[in-house]
Amino acid sequence: AGQGDFMDRFEGVVDLGELETKVDKASANGQWTLVDFYPDWCISCKVIEKEVFGNSEVQQALGNFQLLRPDVTKNDTTDRALMQQFGIIGPPTILLIGPDGRERRAARVVGELSADEFMQHLSRAKSAL
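All of the points below concern the structure found in this document. Just so we're clear, the structure is a prediction, and the values are computed from it rather than from any experiment.

### So, the overall build of the protein chain
And then number 1: Counting its secondary structure elements, the protein chain contains 6 helices and 5 strands.
And then number 2: Shown N-terminal to C-terminal, the secondary structure of the protein chain runs as helices and strands in the order α-β-α-β-α-α-β-α-β-β-α.
And then number 3: Computed over C-alpha atoms, the radius of gyration of the protein chain comes to 13 Å, within 12% of the 14 Å expected from 2.2 N^0.38 for 129 residues, which places it in the range of a compact globule.
And then number 4: In terms of principal-axis extent, the alpha carbons of the protein chain reach across some 35 × 35 × 25 Å.
And then number 5: When each of the 129 residues of the protein chain is scored for burial, the buried share is 46%.
And then number 6: Long-range contacts, defined as pairs at least 24 residues apart, comprise 72% of the intrachain contacts of the protein chain with a sequence gap of at least 6.
And then number 7: Surface exposure of the protein chain reaches about 6600 Å², of which carbon and sulfur atoms provide 49%.
And then number 8: Across the protein chain, the centroid of the 14 positively charged side chains sits 4 Å from that of the 20 negatively charged ones.

Put into structure tokens, the structure is as follows:
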């Protein structure tokens, strides 16, 4: 599967309610969720998309993750409420949420990073409770 196919796995999320519903559904299946806050104007987000999500090792590691991508381009009240709920200052920010529905806060990704660094965040998330 190419990078395009992998990016097709990202589902859009409109608001906090929808995010919580999707996380609950994944948790019920014992599944992890990755949440990528993504506005169109975020250059670093595009770099992460290419360097990190374009990496085959990362794609494999995220094979059984639910991948969500709230579009916060408009930065309207709904977008802000969503980001405030998680205490997000701004993108790029990627959350890793365990099957228990709780974010592994210590493994949160803020800012640009390499595929290797991302893999470290992943293993930190999986070892944190």
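### Describing the pattern of salt bridges
And then number 1: All chains considered together, the criterion is met by 8 salt bridges.
And then number 2: With a shortest N-O distance of 3.8 Å, arginine 102 and aspartate 100 are connected by a salt bridge.
And then number 3: The partner of arginine 108 in a salt bridge is glutamate 103, with the nearest N and O atoms 2.8 Å apart.
And then number 4: What makes arginine 108 buried here is its relative accessible area of 8%.

### So, the pairing of strand β2 (residues 33-37)
And then number 1: Across the 5 residues that make up β2, a large majority, 5, are buried.
And then number 2: Burial along β2 is two-sided: Thr33, Val35 and Phe37 facing one way and Leu34 and Asp36 facing the other are all buried.
And then number 3: Direction of pairing for β2 relative to strand β3 (residues 66-70): parallel, over a ladder of 3 bridges. From the neighbouring strand, leucine 34 faces β3, where its bridge partner is leucine 67.
And then number 4: Note: β2 against strand β4 (residues 93-97), 5 bridges, orientation antiparallel. Among the inter-strand pairings, leucine 34 is bridged to a residue of β4, identified as leucine 96.

### Here we look at the nonpolar core
And then number 1: In terms of nonpolar packing, the biggest core is built from 21 residues, with Leu34, Phe53, Leu62, Phe65 and Phe118 touching the most fellow members.
And then number 2: Counting residues per element, this core draws most heavily on helix α6 (residues 115-127), which supplies 4 residues.
And then number 3: Among residues more than four places away in sequence, those in contact with phenylalanine 65 are Arg9, Gln31, Trp32, Thr33, Leu34, Leu96, Leu122 and Lys126.
And then number 4: In terms of nonpolar packing, the next biggest core, distinct from the first, is built from 14 residues, Val23, Val35, Met83 and Phe86 among them.

### Quick look at helix α5 (residues 77-85)
And then number 1: Residues of α5 that are buried include every one of Asp79, Leu82 and Met83, and no others. Burial along α5 is one-sided: seen end-on, the buried residues are contained in an arc of 95 degrees. Exposed side of α5, more than 90 degrees from the buried face: Thr77 and Gln84 are the residues found there.
And then number 2: In the core, the buried residues of α5 are packed alongside α2 (16-28), β2 and β3.

Calculation rules
- All residue numbers refer to positions counted from 1 along the written sequence of the respective chain.
- Local features in a predicted model are, by the rule used here, given only for residues with pLDDT of at least 70; side-chain atom pairs are given and counted only at 80 or more, and totals for whole chains, interfaces and linings are based on all residues.
- Processing note: side-chain calculations cover all non-hydrogen atoms of the structure and skip hydrogens and water entirely.
- Only DSSP runs of H or I with at least four residues qualify as helices, and only runs of E with at least two residues qualify as strands; both kinds are numbered from the N terminus onward.
- For the radius of gyration, the atoms used are the C-alpha atoms, and the globule rule reads 2.2 Å times the number of residues raised to 0.38.
- Exposure classes here rest on a 1.4 Å probe applied to the protein chains alone. A residue is buried below 20% of its type maximum, exposed above 50%, and partly exposed in between.
- Contact criterion: two residues are considered in contact whenever any of their non-hydrogen atoms come within 4.5 Å of each other.
- For accessible areas, the Shrake-Rupley method is used with a probe of radius 1.4 Å. Any residue's cover is judged against the shown protein chains and nothing else.
- Only four residue types enter the charge count, namely Lys and Arg as positive and Asp and Glu as negative; His and the chain termini do not.
- A single reference atom marks each charge: NZ on Lys, CZ on Arg, CG on Asp, CD on Glu.
- By definition, a salt bridge exists where a carboxyl oxygen of Asp or Glu is found within 4 Å of a side-chain nitrogen of Lys or Arg.
- Criterion used throughout: strands pair if DSSP finds at least two bridges between them.
- The nonpolar core is taken to be a set of buried Ala, Val, Leu, Ile, Met, Phe, Trp, Tyr and Cys residues, with the residues joined through side-chain atoms within 4.5 Å.
- In this description, one arc is meant: the one made by directions from the helix axis to the C-beta atoms.

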